[in-house]
Amino acid sequence: MPNPQDVYSAHYSEDSFWDKLARGALRAGRDVVESALTLYYSLQDKDTPKWAKTVILGSLGYFILPTDAIPDLIPGVGYADDLGALAAALGMVAAYIKDEHKEKARDKLIDWFGEARE
């Protein structure tokens, strides 16, 4: 039986990542987009170890995959499973997420959503 992480990693590509964000950012919401972007920028860092990149690729592949546990088109809950997968990956690789990864993600969020309202 194939490792689910490997299966989802196979669906990751940089183009499909940006396409998914462009099409679904508003529906997904800030938390999902920020998590995905933080992982993306960590993936791009040469200092991130290979095992951590494998975890990140698995979660981003799941995020990109059009058929997942909860269809993304269901209002209010469609991205809940994606957020769970992204949050799990963030927890697993937290030691390798740098402030610069978080800052790049926040900067992109501001570009797309504007400043966060408190």
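Residues numbered from 1 in each chain as written. Predicted model: local features only at pLDDT ≥ 70, side-chain atom pairs only at ≥ 80, totals over all residues. Heavy atoms only, no water.

1. Describing a negative patch on the surface
Consideration 1: Taken together, Asp99, Glu100, Glu103, Asp107 and Asp111 make up a surface patch of like negative charges.
Consideration 2: Assignment of secondary structure puts Glu100 in helix α6 (residues 99-113). (Patch = residues over 30% accessible without salt bridge, like charges linked within 9 Å, V, L, I, M, F, W, Y side chains within 5 Å. Areas by Shrake-Rupley, 256 points an atom, 1.4 Å probe, with all protein chains shown as cover. Salt bridge = Lys/Arg side-chain N within 4 Å of Asp/Glu carboxyl O. Lys, Arg positive; Asp, Glu negative; His and termini not counted. Charge placed at Lys NZ, Arg CZ, Asp CG, Glu CD. Helix = DSSP H or I, 4+ residues; strand = E, 2+ residues; numbered from the N terminus.)

2. A few points about helix α5 (residues 80-92)
Consideration 1: Over its 13 residues, α5 extends 18 Å from the first C-alpha to the last, a length consistent with the 18 Å expected when each residue adds 1.5 Å.
Consideration 2: Along α5, the positions that sit buried rather than exposed are Asp81, Asp82, Leu86, Ala89 and Leu90.
Consideration 3: Next to the buried residues of α5 lie α3 (30-44) and α4 (50-64). (Expected span 1.5 Å × (residues − 1). Buried < 20%, exposed > 50% of the residue type's maximum accessible area, 1.4 Å probe, protein only. Contact = heavy atoms within 4.5 Å.)

3. Topic: the packing of helix α2 (residues 14-28) against α3
Consideration 1: Between α2 and α3, the least distance of the axes is 9 Å, while the angle of their chain directions is 160 degrees. If you check the angle between α2 and α3, you find them roughly antiparallel. The way α2 lies across α3 gives a crossing that is left-handed. Taking contact as the criterion, the partners of Glu14, Phe17, Trp18, Leu21, Ala25 and Ala28 in α2 are, on α3, Arg30, Val32, Val33, Ala36, Leu37, Tyr40, Tyr41 and Gln44.
Consideration 2: In terms of residue class, the contact of α2 with α3 is made up of 11 nonpolar, one polar and two charged. (Axes fitted to C-alpha atoms, helices over the stretch in contact; angles between N-to-C directions. Parallel < 35°, antiparallel > 145°, perpendicular 65-115°, else oblique. Left-handed = near helix turned anticlockwise from the far one by under 90°. Nonpolar A, V, L, I, M, F, W, Y, C, P; charged D, E, K, R; others polar.)

4. Things to note about α3
Consideration 1: For α3, built from 15 residues, the straight-helix expectation of 21 Å at 1.5 Å per residue is met to within 8% by its first-to-last C-alpha distance of 21 Å.
Consideration 2: With 11 of 15 residues buried, α3 lies mostly within the body of the structure.
Consideration 3: When we look at burial in α3, the residues that qualify are Val32, Val33, Ser35, Ala36, Leu37, Thr38, Leu39, Tyr40, Tyr41, Ser42 and Leu43.

5. So, the packing of α4 against α5
Two numbers describe a pair of packed helices, the interaxial angle and the distance between the axes.
Consideration 1: Where α4 contacts α5, the two axes come as close as 9 Å, and the packing angle between them is 175 degrees. The orientation of α4 relative to α5 falls into the category roughly antiparallel. Contact residues: α4 offers Trp51, Val55, Ser59, Leu60, Tyr62 and Phe63, while α5 offers Asp81, Asp82, Ala85, Leu86, Ala89 and Met92.
Consideration 2: Broken down by class, the residue content of the contact of α4 with α5 amounts to nine nonpolar, one polar and two charged.

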